[in-house]
Amino acid sequence: MQFDATVPTLKDRVAQMALKLVMEPIFESGFYPSSYAYRPGRRTQDAIAEIYLFTIHSYEWIVETDIEACFDQLPHCLIADEVRRRIIDKRLLALVRSFLKAGVMTETGRLERTLTGTPQGGIASPLLANIALSALDRQYQADWQEMSSYNGKRQDVRRRGHPTYRLVRYADDLVLMVMGTRAQAKALLDQLSGRVEALGLTLKAEKTALTHIDEGFVFLGQRIIRRAYGHKPHVYTFVTNEALASIKRKVKTLTGRSTTNLALSELIAALNPVVRGWVNYYRHAAAKRTFGYLDYYVWWRVGRWLRKKHPRMTWKQINRRYLNDDHTYQDRGLTLYKPARIRVTRYRYRGARIPTPWTTADLTGLRAEAASLQEQLPLERVQQALG
């Protein structure tokens, strides 16, 4: 049996989880509101809600991009510098360095050093990446505070012919919204590229674009675009064709010929979580028609599946056996999930009001707990586990 040598062992994962439990409350209090990925209580809908809020207030030019091989190319010195901004305990700093320098085992059995990047497959990797990229968040947060230093400052900035802008980051996906001209948005794109390069990273050229909100752009599986509705334009979020195609492929795989040996109740038990999870993710978009189409597609695929499972039964016999009064397939107490019945609602922007599991009063106790945990998990044991 062969194992993926790049994935941390069980001992390493336990140590990384302990490290994450100690560091996350400390750094979470200092992270910026415009960062949304891999943070407790935050989700993709929050990032999309902030973009929606700014675009409806005339932030029309959109710089969309992401960072090239972010998790693999993050400089270790950047991660270490950002960790040292909040932590001075030498043992914890040495533990972070140990994970960064641990290296990876190749398929040939050779140990290769890792000069950049976070631990592959590591539990602490998303946290370390957020810590490193908070250096970028800090620059744009400082810009935003400077543009908002007093009431009406942003209007004064625009009256003087300068743009105002806001950065939203979801892991390595970046969206910069600009209120100004296209030339000013292009200059801010160059500024963003320079700031990212100053951190030792680069933007992915093929995924970097400058678009107008009326043209629309795709972010986290949703297409955000402004369209005229009556006499006033509105900003909408739609499900992308790629996202709809992905759920259709999953449904088609589950209802293929290879699964006709299952009972209908087993098929429904497999289908419902997949469809329900997808629908819940997109239920805050303008997706009512999409859900109606998906409802019909799932129902039709299950009907064809039953036809293949019972080739000697007519449609009338199948419907009499498996359809309920609501014209929905059911078996042994399980009913097929109907996406068309889900209620579509606009997700409310929460921004800086998003609560965290830790309050300011808890930090003193957490620091004491962290010190106790470091005593229980000395660096020598971790280094021994790392080999």
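Here's a quick rundown of the structure. All values derive from a computational prediction rather than experimental measurement.

Here we come to the packing of aromatic side chains. Following the criterion strictly, the structure yields 11 aromatic pairs and no others. With a centroid separation of 6.1 Å and 85 degrees between ring planes, the pair formed by Tyr140 and Tyr165 is classed as edge-to-face. With Tyr140 in helix α6 (residues 125-147) and Tyr165 in strand β4 (residues 164-170), this pair connects stretches of sequence that are 25 residues apart. Aromatic side chains Trp278 and Tyr282 sit 4.7 Å apart centroid to centroid with 45 degrees between the ring planes, which places their arrangement in the tilted category.

Turning our eyes to something else, we now look at the pairing of strand β5 (residues 173-179). Summarising burial for β5: six of the seven residues are buried, a large majority. Pairing analysis gives six bridges linking strand β1 (residues 61-66) to β5, with the strands arranged antiparallel. When the bridges of β5 are listed, Trp61 appears paired with Val178. Bridging between β4 and β5 involves seven bridges; their strand directions are antiparallel. Considered in β5, the bridge of Arg169 is made with Leu174.

For the rest of this paragraph, the subject is unusual backbone geometry. At Ala171, a position not held by glycine, the phi torsion is positive, near 60 degrees. Its identity as a non-glycine residue notwithstanding, Arg332 has a phi of 50 degrees, on the positive side. Locating Arg332 in the fold gives a position in the loop between β10 (330-331) and β11 (334-335). The exposure class of Arg332 is exposed, given its relative accessible area of 69%.

The next thing to look at is the packing of α6 against helix α8 (residues 182-198). Taken N-terminus to C-terminus, the directions of α6 and α8 make an angle of 140 degrees; their axes are 10 Å apart at the nearest point. Between α6 and α8, the angle is such that the two are oblique. Taken as a pair, α6 and α8 cross one another with a handedness that is right-handed. Residues Leu136, Gln139, Tyr140 and Asp143 of α6 lie in contact with α8, whose contacting residues are Leu188, Gln191, Leu192, Arg195 and Val196. Residue composition of the contact of α6 with α8, by class: five nonpolar, two polar and two charged.

Turning our eyes to something else, we now look at the sheet that holds strand β6 (residues 209-212). Strand order in the open sheet formed by four strands is β4-β5-β1-β6, with antiparallel pairing between adjacent strands. On the outer flanks of this sheet lie β4 and β6, each paired with one strand and no other. Each strand of the sheet is rotated relative to its neighbour by a mean of 20 degrees, with strand direction disregarded. As paired strands, β1 and β6 are joined by four bridges and run antiparallel to one another. If you follow Glu64 over to β6, its bridge partner there is Ala209. Sheet contacts for helix α2 (residues 44-55): β1, β4 and β5; angle to β4, the most-contacted strand, approximately 165 degrees. With respect to the sheet, α6 is in contact with β4 and β5, its orientation differing from that of β4 by roughly 160 degrees.

Criteria and cut-off values
- Residues numbered from 1 in each chain as written.
- Predicted model: local features only at pLDDT ≥ 70, side-chain atom pairs only at ≥ 80, totals over all residues.
- Heavy atoms only, no water.
- Phe/Tyr/Trp six-rings, centres within 6.5 Å; stacked < 30°, edge-to-face > 60°.
- Helix = DSSP H or I, 4+ residues; strand = E, 2+ residues; numbered from the N terminus.
- Buried < 20%, exposed > 50% of the residue type's maximum accessible area, 1.4 Å probe, protein only.
- Pairing = 2+ DSSP bridges.
- Axes fitted to C-alpha atoms, helices over the stretch in contact; angles between N-to-C directions.
- Parallel < 35°, antiparallel > 145°, perpendicular 65-115°, else oblique.
- Left-handed = near helix turned anticlockwise from the far one by under 90°.
- Contact = heavy atoms within 4.5 Å.
- Nonpolar A, V, L, I, M, F, W, Y, C, P; charged D, E, K, R; others polar.

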